[in-house]
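A closer look at the structure
Okay, here's what each chain looks like letter by letter:
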Amino acid sequence: MYVDLSNMYSGFSDRLRQLTFCIAYEKLQNKKFKVIEIYEKKNKESPFYISELIKIKNCKVKNVKKKNIEAIKMDPFNSEISIKNCHKYNFKNLDNRKLLMEWKKTYQILQPKKKIKFKLNKIIKNKKYISIHIRLTDKLVSFRNYFLEIPTKDVIYLKQFEEFMNNIENLIPDKYKYIYLCSDENIFKKKIKEKLKNKFKFIERNIKYNKKKLRQTSGEDFVIDLFAMSKSSLIISSTGGNVPYASNLISGLKQNYIKWINYRFKYRFFYKIRQVIFSIRNFN
(Lines give C-alpha, C1' and ligand atoms only; values in the text may rest on other atoms or scores of the structure.)
Protein backbone atom coordinates (compact mmCIF):
# COMPACT_ATOMS: atom_id res chain seq x y z
CA MET A 1 0.00 0.00 0.00
CA TYR A 2 1.26 3.48 -0.90
CA VAL A 3 0.43 6.85 0.75
CA ASP A 4 1.53 10.21 -0.69
CA LEU A 5 1.68 12.93 2.01
CA SER A 6 3.56 15.49 -0.09
CA ASN A 7 0.64 17.96 -0.07
CA MET A 8 0.25 17.70 3.70
CA TYR A 9 2.64 20.54 4.56
CA SER A 10 1.19 21.06 8.06
CA GLY A 11 1.57 19.12 11.31
CA PHE A 12 1.88 15.47 12.27
CA SER A 13 -1.76 14.96 13.25
CA ASP A 14 -2.87 16.26 9.82
CA ARG A 15 -0.72 13.58 8.21
CA LEU A 16 -2.34 10.97 10.42
CA ARG A 17 -5.73 12.00 9.00
CA GLN A 18 -4.66 11.18 5.46
CA LEU A 19 -2.81 8.01 6.49
CA THR A 20 -5.82 6.63 8.35
CA PHE A 21 -8.16 7.57 5.50
CA CYS A 22 -6.01 5.73 2.96
CA ILE A 23 -5.86 2.62 5.17
CA ALA A 24 -9.64 2.67 5.66
CA TYR A 25 -10.16 3.23 1.92
CA GLU A 26 -8.03 0.19 1.03
CA LYS A 27 -9.66 -1.97 3.71
CA LEU A 28 -13.18 -1.29 2.42
CA GLN A 29 -12.03 -2.53 -0.98
CA ASN A 30 -11.03 -5.79 0.73
CA LYS A 31 -7.39 -5.22 -0.16
CA LYS A 32 -4.84 -7.00 2.01
CA PHE A 33 -1.46 -5.44 2.72
CA LYS A 34 1.38 -5.95 5.17
CA VAL A 35 3.58 -3.02 4.13
CA ILE A 36 2.65 0.68 4.01
CA GLU A 37 4.98 2.85 1.95
CA ILE A 38 4.84 6.54 2.82
CA TYR A 39 6.14 9.42 0.73
CA GLU A 40 6.46 12.54 2.90
CA LYS A 41 8.65 15.56 3.52
CA LYS A 42 9.76 17.13 6.78
CA ASN A 43 8.73 20.73 7.48
CA LYS A 44 8.69 23.32 10.29
CA GLU A 45 5.44 22.01 11.80
CA SER A 46 6.40 18.35 11.43
CA PRO A 47 10.22 17.99 11.38
CA PHE A 48 10.03 14.18 11.61
CA TYR A 49 8.64 11.20 9.70
CA ILE A 50 5.65 9.08 10.72
CA SER A 51 7.74 5.93 10.36
CA GLU A 52 10.18 7.24 12.99
CA LEU A 53 7.52 7.53 15.69
CA ILE A 54 4.55 5.21 15.22
CA LYS A 55 3.65 1.70 14.15
CA ILE A 56 0.56 0.36 12.42
CA LYS A 57 -0.82 -2.82 13.92
CA ASN A 58 0.02 -5.87 11.76
CA CYS A 59 1.82 -3.71 9.18
CA LYS A 60 5.34 -2.54 8.44
CA VAL A 61 5.68 1.19 7.82
CA LYS A 62 8.55 2.58 5.77
CA ASN A 63 9.43 5.81 3.99
CA VAL A 64 10.03 5.83 0.25
CA LYS A 65 11.45 8.39 -2.18
CA LYS A 66 9.25 7.57 -5.16
CA LYS A 67 6.25 9.73 -6.02
CA ASN A 68 3.05 8.20 -7.39
CA ILE A 69 1.09 10.66 -9.54
CA GLU A 70 -2.18 8.72 -9.22
CA ALA A 71 -2.18 8.47 -5.42
CA ILE A 72 -4.77 10.25 -3.25
CA LYS A 73 -3.42 13.62 -2.13
CA MET A 74 -5.08 15.52 0.70
CA ASP A 75 -4.04 18.91 2.02
CA PRO A 76 -4.55 20.62 5.43
CA PHE A 77 -7.70 22.40 4.24
CA ASN A 78 -9.40 19.34 2.69
CA SER A 79 -8.69 16.52 5.09
CA GLU A 80 -11.11 17.04 7.96
CA ILE A 81 -12.63 13.75 9.15
CA SER A 82 -16.07 14.27 7.65
CA ILE A 83 -18.62 12.75 5.31
CA LYS A 84 -17.89 15.61 2.91
CA ASN A 85 -14.29 14.50 2.47
CA CYS A 86 -15.33 10.87 2.18
CA HIS A 87 -17.35 11.94 -0.87
CA LYS A 88 -14.44 14.04 -2.17
CA TYR A 89 -11.81 11.29 -2.12
CA ASN A 90 -14.02 8.25 -2.76
CA PHE A 91 -13.23 7.29 -6.36
CA LYS A 92 -14.48 3.70 -6.09
CA ASN A 93 -18.14 4.40 -5.21
CA LEU A 94 -17.79 2.90 -1.73
CA ASP A 95 -20.44 3.47 0.93
CA ASN A 96 -19.40 6.87 2.33
CA ARG A 97 -20.94 6.32 5.76
CA LYS A 98 -19.08 3.04 6.13
CA LEU A 99 -15.93 4.79 4.93
CA LEU A 100 -16.30 7.52 7.57
CA MET A 101 -16.83 4.92 10.31
CA GLU A 102 -13.81 2.92 9.15
CA TRP A 103 -11.72 6.11 8.94
CA LYS A 104 -12.39 6.89 12.60
CA LYS A 105 -11.94 3.27 13.63
CA THR A 106 -8.54 3.04 11.91
CA TYR A 107 -7.03 5.35 14.55
CA GLN A 108 -7.24 2.43 16.97
CA ILE A 109 -4.52 0.53 15.10
CA LEU A 110 -1.98 3.34 15.58
CA GLN A 111 0.70 2.48 18.13
CA PRO A 112 3.83 4.24 19.44
CA LYS A 113 7.20 2.74 18.58
CA LYS A 114 8.46 0.22 21.13
CA LYS A 115 10.99 2.62 22.67
CA ILE A 116 8.37 5.36 23.02
CA LYS A 117 5.78 2.94 24.40
CA PHE A 118 8.23 1.85 27.10
CA LYS A 119 8.74 5.49 28.15
CA LEU A 120 5.00 6.15 28.07
CA ASN A 121 4.18 3.19 30.33
CA LYS A 122 6.89 4.27 32.75
CA ILE A 123 5.36 7.75 32.94
CA ILE A 124 1.67 6.93 33.38
CA LYS A 125 2.03 3.49 35.06
CA ASN A 126 -1.42 2.36 36.28
CA LYS A 127 -2.71 5.77 37.28
CA LYS A 128 -6.27 6.90 36.63
CA TYR A 129 -6.00 10.46 35.36
CA ILE A 130 -7.43 13.22 33.20
CA SER A 131 -5.59 15.15 30.49
CA ILE A 132 -5.45 18.89 29.97
CA HIS A 133 -4.36 20.02 26.52
CA ILE A 134 -3.28 23.60 25.80
CA ARG A 135 -2.20 24.59 22.30
CA LEU A 136 -1.52 28.30 21.79
CA THR A 137 1.51 28.72 19.50
CA ASP A 138 -0.61 29.24 16.37
CA LYS A 139 -4.04 29.28 18.04
CA LEU A 140 -4.10 32.44 20.18
CA VAL A 141 -5.43 35.38 18.13
CA SER A 142 -6.96 38.81 18.67
CA PHE A 143 -10.73 39.11 19.04
CA ARG A 144 -10.92 40.70 15.57
CA ASN A 145 -8.79 38.06 13.88
CA TYR A 146 -10.83 35.34 15.59
CA PHE A 147 -13.79 36.24 13.34
CA LEU A 148 -11.60 36.41 10.24
CA GLU A 149 -10.07 32.93 10.62
CA ILE A 150 -11.41 30.09 8.48
CA PRO A 151 -14.06 28.09 10.42
CA THR A 152 -12.12 24.82 10.16
CA LYS A 153 -9.24 26.26 12.20
CA ASP A 154 -9.63 26.00 15.98
CA VAL A 155 -8.46 29.32 17.44
CA ILE A 156 -8.96 31.08 20.76
CA TYR A 157 -8.91 34.80 21.65
CA LEU A 158 -7.28 36.10 24.84
CA LYS A 159 -10.46 36.73 26.87
CA GLN A 160 -11.71 33.26 25.99
CA PHE A 161 -8.46 31.70 27.17
CA GLU A 162 -8.56 33.72 30.42
CA GLU A 163 -12.06 32.34 31.05
CA PHE A 164 -10.69 28.85 30.43
CA MET A 165 -7.98 29.42 33.05
CA ASN A 166 -10.50 30.76 35.55
CA ASN A 167 -12.85 27.81 35.08
CA ILE A 168 -10.44 24.91 34.61
CA GLU A 169 -10.84 23.58 38.17
CA ASN A 170 -14.64 23.41 37.79
CA LEU A 171 -14.27 21.20 34.70
CA ILE A 172 -12.38 18.47 36.57
CA PRO A 173 -14.53 15.89 38.43
CA ASP A 174 -13.63 15.55 42.11
CA LYS A 175 -12.91 11.81 41.82
CA TYR A 176 -9.66 12.42 39.90
CA LYS A 177 -6.36 13.15 41.65
CA TYR A 178 -3.89 12.98 38.77
CA ILE A 179 -3.52 15.30 35.78
CA TYR A 180 -1.48 14.73 32.65
CA LEU A 181 -0.71 18.16 31.23
CA CYS A 182 0.39 18.64 27.63
CA SER A 183 1.18 22.01 26.12
CA ASP A 184 3.35 23.53 23.43
CA GLU A 185 4.00 26.59 25.62
CA ASN A 186 5.92 26.03 28.84
CA ILE A 187 4.81 29.36 30.33
CA PHE A 188 1.11 28.38 30.24
CA LYS A 189 1.92 24.89 31.46
CA LYS A 190 3.47 26.44 34.57
CA LYS A 191 0.43 28.70 35.10
CA ILE A 192 -1.96 25.74 35.05
CA LYS A 193 0.22 23.80 37.49
CA GLU A 194 0.41 26.78 39.83
CA LYS A 195 -3.36 27.16 39.76
CA LEU A 196 -4.17 23.49 40.44
CA LYS A 197 -1.21 22.27 42.51
CA ASN A 198 -3.01 22.44 45.88
CA LYS A 199 -5.80 20.10 44.78
CA PHE A 200 -4.26 17.77 42.19
CA LYS A 201 -1.08 15.86 41.48
CA PHE A 202 0.64 16.12 38.12
CA ILE A 203 2.15 13.26 36.19
CA GLU A 204 5.59 14.76 35.78
CA ARG A 205 8.05 14.27 32.94
CA ASN A 206 10.94 16.28 31.60
CA ILE A 207 10.32 18.01 28.27
CA LYS A 208 12.77 20.30 26.49
CA TYR A 209 11.18 23.27 24.73
CA ASN A 210 12.90 25.00 21.84
CA LYS A 211 11.30 28.44 21.50
CA LYS A 212 13.19 29.13 18.27
CA LYS A 213 11.18 26.47 16.45
CA LEU A 214 7.49 26.45 15.52
CA ARG A 215 7.27 22.88 16.84
CA GLN A 216 8.82 23.54 20.25
CA THR A 217 8.76 19.91 21.46
CA SER A 218 10.35 16.83 19.92
CA GLY A 219 8.52 14.22 17.86
CA GLU A 220 8.95 11.69 20.64
CA ASP A 221 7.40 14.06 23.20
CA PHE A 222 4.53 14.74 20.81
CA VAL A 223 3.75 11.03 20.43
CA ILE A 224 3.97 10.42 24.18
CA ASP A 225 1.44 13.24 24.69
CA LEU A 226 -0.81 11.87 21.93
CA PHE A 227 -1.02 8.36 23.39
CA ALA A 228 -1.00 9.49 27.03
CA MET A 229 -4.14 11.53 26.32
CA SER A 230 -5.71 8.52 24.61
CA LYS A 231 -5.33 6.52 27.82
CA SER A 232 -6.85 9.18 30.10
CA SER A 233 -10.43 9.14 31.35
CA LEU A 234 -11.18 12.71 30.25
CA ILE A 235 -9.59 15.21 27.86
CA ILE A 236 -10.04 18.92 28.54
CA SER A 237 -8.72 21.09 25.73
CA SER A 238 -8.47 24.86 25.53
CA THR A 239 -8.79 24.94 21.74
CA GLY A 240 -9.56 21.41 20.60
CA GLY A 241 -7.82 20.76 17.31
CA ASN A 242 -6.42 17.67 15.69
CA VAL A 243 -4.26 16.34 18.52
CA PRO A 244 -6.87 15.81 21.28
CA TYR A 245 -9.40 14.60 18.69
CA ALA A 246 -6.85 12.09 17.35
CA SER A 247 -6.24 10.90 20.93
CA ASN A 248 -9.97 10.55 21.42
CA LEU A 249 -10.21 8.41 18.26
CA ILE A 250 -7.21 6.28 19.30
CA SER A 251 -9.08 5.52 22.52
CA GLY A 252 -12.07 4.31 20.52
CA LEU A 253 -14.09 7.33 21.73
CA LYS A 254 -14.20 5.75 25.18
CA GLN A 255 -13.36 8.93 27.04
CA ASN A 256 -15.20 12.19 27.63
CA TYR A 257 -13.87 15.18 25.70
CA ILE A 258 -14.43 18.82 26.70
CA LYS A 259 -13.52 21.39 24.06
CA TRP A 260 -13.55 24.78 25.79
CA ILE A 261 -14.06 26.89 22.65
CA ASN A 262 -17.38 25.05 22.15
CA TYR A 263 -18.28 24.79 25.83
CA ARG A 264 -20.40 27.91 26.29
CA PHE A 265 -23.33 29.11 24.22
CA LYS A 266 -21.67 32.44 23.38
CA TYR A 267 -18.65 30.59 21.96
CA ARG A 268 -20.89 28.49 19.72
CA PHE A 269 -22.72 31.67 18.67
CA PHE A 270 -19.44 33.42 17.82
CA TYR A 271 -18.42 30.40 15.76
CA LYS A 272 -21.62 30.69 13.73
CA ILE A 273 -20.74 34.32 13.03
CA ARG A 274 -17.32 33.18 11.79
CA GLN A 275 -19.00 30.77 9.39
CA VAL A 276 -21.25 33.53 8.04
CA ILE A 277 -18.29 35.92 7.59
CA PHE A 278 -16.31 33.21 5.82
CA SER A 279 -19.23 32.47 3.46
CA ILE A 280 -19.65 36.16 2.62
CA ARG A 281 -15.93 36.64 1.95
CA ASN A 282 -15.79 33.58 -0.29
CA PHE A 283 -18.95 34.58 -2.14
CA ASN A 284 -17.40 37.92 -3.02
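As a reminder, the structure under discussion sits directly above these lines.
In short, a report on the structure. A quick note: this is a predicted structure, and the numbers were derived from the prediction, not measured. The numbers attached to residues start from 1 for each chain and follow its sequence in the written order. Predicted model: local features are reported for residues with pLDDT of at least 70 only, side-chain atom pairs are reported and counted for 80 or more only, and whole-chain, interface and lining totals are derived from all residues. Just so you know, side-chain values use all the structure's heavy atoms and leave hydrogens and water out.

A word on the overall build of the protein
- In DSSP terms, a helix is any run of H or I states spanning at least four residues, a strand is any run of E spanning at least two, and both are numbered starting from the N terminus. Along the protein, the regular secondary structure elements total 11 helices and 12 strands.
- Radius of gyration (C-alpha) of the protein: 19 Å, near the 19 Å computed for a compact globule of 284 residues.
- Expressed along its principal axes, the backbone C-alpha trace of the protein runs to roughly 55 × 55 × 35 Å.
- In this scheme, a residue with accessible area under 20% of its type's maximum is buried, one over 50% is exposed, and one in between is partly exposed, where area comes from a 1.4 Å probe on protein chains only. Sorting the 284 residues of the protein into buried and exposed places 53% on the buried side.
- The criterion used for residue contact is that any of the two residues' heavy atoms lie within 4.5 Å. Nonlocal contacts in the protein, meaning residues at least 24 apart in sequence, comprise 69% of its contacts between residues at least 6 apart.
- Accessible surface is estimated by sampling points in the Shrake-Rupley manner with a 1.4 Å probe; for residues, cover comes only from the protein chains shown. For the protein, the exposed area adds up to about 15,500 Å²; of that, 50% sits on carbon and sulfur atoms.
- In the protein, 63 side chains carry a positive charge and 26 a negative one; their mean positions are 4 Å apart. Our radius of gyration looks at C-alpha atoms and nothing else; its globule reference is 2.2 Å times the residue count to the power 0.38. Note that His is not counted, nor are the chain ends; the positive residues are Lys and Arg, and the negative ones are Asp and Glu. A charge is said to be at NZ when it belongs to Lys, at CZ for Arg, at CG for Asp and at CD for Glu.

Let's talk about the packing of helix 1 (residues 12-28) against helix 4 (residues 96-106)
- In contact at an axis separation of 8 Å, helix 1 and helix 4 are set at 125° when each is read in the N-to-C sense. Comparing the axis directions of helix 1 and helix 4 gives the class oblique. Of the two possible hands of crossing, helix 1 and helix 4 adopt the one that is right-handed. Residue-level inspection shows Arg17, Thr20, Phe21, Ile23, Ala24, Tyr25, Lys27 and Leu28 of helix 1 in contact with helix 4, the latter providing Lys98, Leu99, Glu102, Trp103 and Thr106. Inter-axis angles, ranging from 0 to 180 degrees, are taken between N-to-C directions of lines fitted to C-alpha atoms, where helices are fitted over the stretch in contact. Our angle categories are set so that under 35 degrees counts as roughly parallel, over 145 as roughly antiparallel, 65 to 115 as roughly perpendicular, and the remainder as oblique. The crossing is said to be left-handed when, going from far helix to near helix, the turn is anticlockwise and less than a right angle, and right-handed when the turn is clockwise.

Remarks on the packing of aromatic side chains
- To pair, rings of Phe, Tyr and Trp, with the six-membered ring standing in for Trp, must have centres within 6.5 Å; the planes then decide the type, stacked if under 30 degrees apart, edge-to-face if over 60, and tilted in the middle. Per the counting criterion, the structure on display carries 20 aromatic pairs.
- Both rings, one in Phe21 and one in Tyr25, keep their centres 5.7 Å apart while their planes meet at 15°; by these two values the pair is stacked. Taken together, the residues Phe21 and Tyr25, both in helix 1 and four residues apart, mark about one turn of the helix.
- Residue classification places Tyr25 among the buried positions, given a relative accessible area of 5%.
- A centroid spacing of 5.7 Å and a plane angle of 65° characterise the contact between Trp260 and Tyr267, whose relative ring orientation is edge-to-face. In terms of burial, Trp260 and Tyr267 fall into one category: buried.
- An aromatic cluster is present here, built from Phe143, Tyr146, Phe147, Tyr157, Phe265, Phe269 and Phe270 joined pairwise through their rings.
- Think of it as a cone above the ring: NZ of Lys or CZ of Arg counts as a charge over the ring if it is within 6 Å of the ring centre and within 35 degrees of the ring normal. Directly above the aromatic system of Tyr178 lies the positively charged group of Lys127, at a separation of 5.5 Å from the ring centroid.
- Cation over ring: Arg274 sits above Tyr146, and NZ or CZ is 4.8 Å from the ring centre.

Focus: the side chain of Lys139
- With respect to the secondary-structure elements, Lys139 resides in the loop between strand 6 (129-134) and strand 7 (140-141).
- Among all residues touching Lys139, those that are not within four sequence positions of it are Asp154, Val155, Ile156 and Thr239.

Topic: the nonpolar core
- Here, nonpolar core refers to any group of buried Ala, Val, Leu, Ile, Met, Phe, Trp, Tyr and Cys residues whose side-chain atoms link them within 4.5 Å. Core analysis: the biggest nonpolar cluster contains 54 residues, and Leu19, Ile36, Ile54 and Ile56 have the highest contact counts within it.
- With eight residues, helix 1 is the single largest residue contributor to this core.
- Formed by 31 residues, the second largest nonpolar core is a distinct cluster that contains Ile130, Ile156, Tyr157 and Ile261.

Observations regarding the pairing of strand 6
- Most of strand 6 is tucked away: six of the six residues are buried.
- Covered by surrounding structure in strand 6 are Tyr129, Ser131 and His133 together with Ile130, Ile132 and Ile134, the residues of both alternating faces.
- One requirement defines pairing of two strands: DSSP has to find at least two bridges between them. Here strand 6 runs beside strand 9 (residues 178-183); their pairing, made up of six bridges, is parallel. Within strand 9, the residue paired with Tyr129 across the bridge is Tyr178.
- Two strands pair when backbone bridges link them, and strand 6 and strand 11 (residues 234-237) are joined in this way by three bridges, in the parallel orientation.

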